[in-house]
Amino acid sequence: MDKRLRIGAVSYLNTRPMMYGIHRSGLMQKVDMVADFPANIAAMLLNDEIDIGLVPVAIIPRLQEAHIITNYCIGAVGRVESVGIFSEVPIEKVEKLILDYQSRTSVNLARILLKEYWKKEIQIEQAKEDYRHLIQGTTAAVVIGDRALSQQKKSAYYYDLSEAWYKHTGLPFVFAAWIGNKPVDTDFEDAFNRANAYGLNHIDEVVQELTFADYDLKKYYTQNISYILDEQKRKGLDLFLQKLTQL
Ligand SMILES: C=C(O[C@@H]1C=C(C(=O)O)C=C[C@H]1O)C(=O)O
């Protein structure tokens, strides 16, 4: 039986190098791809509407089975530039934090860092729809993805959560990884690895296809997002999952 695999990916700019490789590989004849914001891809994997997703790692404990596949992820070693707390006042003065409805990992990272790194208790509110106009006075918000790259031009203060994590733990951070909710055939995983690698080896071509005024994408893909899921990233991921249970 030849069942098509259903794959979900994050629709942000940060996945474009991976998508470049996947779309140019033979895999597209074997899979159905959907793209959406991270919280929606997470819900699809949890509901078994997809078999593999580039999902926020914070949902790993909620999956009955979580198989991390490929050697690639959406990670960062230090500043990521697209995940942060935005505010009009310094963090010491912030009284309320609104959490991005598109995120599952970074909103929990913000809560961990507020507790352990900034050592600050504040009122937390979950956003339901666009909320960035509410960043005013002592109300701050977590914003992720392309909107965060643009928000840096608008808000007076930006606290990069990957940088804060690095200062706090000395480890890289993994935001999202390719995760299957059932075992994945090794031939498929090998081909998927090659497809991701192909895209990451063609960053100049990826950048040429895109127009984005608010940030230098070549810099974003080569100095901010760190795509290789190596030992240090796995350590960072394990530590994050451990801290998540203590929230
Ligand atoms: C680095 C990023 O990582 C993202 C953050 C996620 C989250 O907070 O749940 C999920 C997927 C990633 O694409 C970003 O969006 O800028």
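What you are looking at is a predicted structure, and each value in this text was computed from that prediction instead of being measured.

Draft legend 1. Fine view of the overall build of the chain. When you go through the chain residue by residue, the secondary structure sums to nine helices and 11 strands. In terms of overall dimensions, the chain is globule-like: its C-alpha atoms have a radius of gyration of 18 Å, near the 18 Å expected for 247 residues. Each principal axis of the C-alpha distribution contributes one length, and for the chain these read about 60 × 40 × 35 Å. Considering the chain as a whole, with its 247 residues, one finds that 56% of them fall into the buried category. Taking all contacts inside the chain whose residues are at least 6 apart in sequence as the whole, residues at least 24 apart take part in 85%. Roughly 11400 Å² of accessible area belongs to the chain as shown, and the carbon and sulfur atoms make up 46% of that amount. With 29 positive and 32 negative side-chain charges, the chain shows a spacing of 3 Å between the two charge centroids.

Draft legend 2. Inspection of the domain arrangement of the chain at higher detail. Domain annotation of the chain identifies domain 1 (5-76 + 172-229) and domain 2 (83-169). In this structure, domain 1 and domain 2 have C-alpha centres spaced 24 Å apart. With 20 residues of domain 1 at the contact, the number on the domain 2 side is 19 residues. Carbon and sulfur atoms make up 67% of the area that domain 1 and domain 2 hide from each other, which totals about 1700 Å².

Draft legend 3. Looking closely at the sheet that holds strand β9 (residues 157-160). Read across the sheet, five strands follow the order β7-β6-β8-β5-β9 without closing on themselves; strand pairing throughout is mixed. The sheet terminates laterally at β7 (123-126) and β9, the two strands that pair on one side only. Between one strand axis and the next, the sheet turns by 25° as a mean value, whatever way the strands run. Relative to β9, strand β5 (residues 83-87) runs antiparallel, the two sharing four bridges. Paired with Phe 86 across the strands is Tyr 158, a residue of β9.

Draft legend 4. Representation of the nonpolar core. Of all hydrophobic cores here, the largest spans 84 residues; its most connected members are Ile 85, Leu 97, Trp 118, Trp 178, Tyr 221 and Phe 240. For this core, the element with the highest residue contribution is strand β10 (residues 173-180), accounting for seven residues. Two domains each donate at least three residues to this core, and these are domain 1 (5-76 + 172-229) and domain 2 (83-169). If you look at the next biggest cluster of nonpolar residues, it comprises nine residues, including Ile 98, Ile 135, Val 143 and Ala 148.

Draft legend 5. Examining the site of the ligand more closely. Taken together, 19 residues sit near the ligand, with Ser 82, Ser 103, Arg 104, Thr 105 and Ser 106 positioned nearest. Residue Asn 14 places a side-chain N or O atom 3.3 Å away from an oxygen atom belonging to the ligand. At 2.8 Å from an oxygen atom of the ligand is found a main-chain nitrogen or oxygen belonging to Arg 104. Taken by itself the ligand offers 380 Å² of open surface, and the protein chains cover 100% of this. Here the shell around the ligand is composed, by residue class, of 12 nonpolar, six polar and one charged.

Draft legend 6. Region of the structure containing the packing of helix α5 (residues 161-169) against helix α9 (residues 231-245). One way to put it is that α5 packs onto α9 with a least axis distance of 12 Å and a crossing angle of 90°. In terms of orientation, α5 lies roughly perpendicular with respect to α9. Taken together, the residues of α9 that come into contact with α5 (itself represented by Trp 165, His 168 and Thr 169) are Gly 236, Leu 239, Phe 240 and Lys 243. Classifying every residue of the contact of α5 with α9 gives three nonpolar, three polar and one charged.

Draft legend 7. Examining the sheet that holds strand β3 (residues 52-56) more closely. With mixed pairing, the six strands of this open sheet are ordered in space as β2-β1-β3-β10-β4-β11. In this open sheet, the two strands that pair with only one neighbour each are β2 (31-36) and β11 (225-228). Each adjacent strand pair in this sheet contributes to an overall mean axis angle of 25°, direction not counted. Strand direction decides the pairing type here: β3 and β10, joined by five bridges, are antiparallel. Each bridged residue has a counterpart across the sheet, and for Ile 52 the counterpart in β10 is Gly 180. Taken strand by strand, helix α2 (residues 38-46) contacts β1 (5-10), β2, β3 and β10, and its axis lies near 130° from that of β3. Helix α8 (residues 217-224) contacts β4 (67-76) and β11 of the sheet and is inclined by roughly 55° relative to β11.

Draft legend 8. Summary view of the pairing of β4. Most of β4 sits out of view: seven of its 10 residues are buried. Pairing geometry for β4 and β10, over six bridges, is antiparallel. Looking at the pairing, Cys 73 lines up with Ala 177 of β10.

About the thresholds
- Residues numbered from 1 in each chain as written.
- Predicted model: local features only at pLDDT ≥ 70, side-chain atom pairs only at ≥ 80, totals over all residues.
- Heavy atoms only, no water.
- Helix = DSSP H or I, 4+ residues; strand = E, 2+ residues; numbered from the N terminus.
- Rg over C-alpha atoms; globule rule 2.2 N^0.38 Å.
- Buried < 20%, exposed > 50% of the residue type's maximum accessible area, 1.4 Å probe, protein only.
- Contact = heavy atoms within 4.5 Å.
- Areas by Shrake-Rupley, 256 points an atom, 1.4 Å probe, with all protein chains shown as cover.
- Lys, Arg positive; Asp, Glu negative; His and termini not counted.
- Charge placed at Lys NZ, Arg CZ, Asp CG, Glu CD.
- Domains from an automatic or database assignment.
- Buried area = accessible area lost by both parts, 1.4 Å probe.
- Pairing = 2+ DSSP bridges.
- Axes fitted to C-alpha atoms, helices over the stretch in contact; angles between N-to-C directions.
- Core = buried A, V, L, I, M, F, W, Y, C linked by side-chain atoms within 4.5 Å.
- Near = heavy atom within 4 Å.
- Polar contact = N/O pair within 3.5 Å; in protein donor to acceptor, adjacent residues only side chain to side chain.
- Nonpolar A, V, L, I, M, F, W, Y, C, P; charged D, E, K, R; others polar.
- Parallel < 35°, antiparallel > 145°, perpendicular 65-115°, else oblique.

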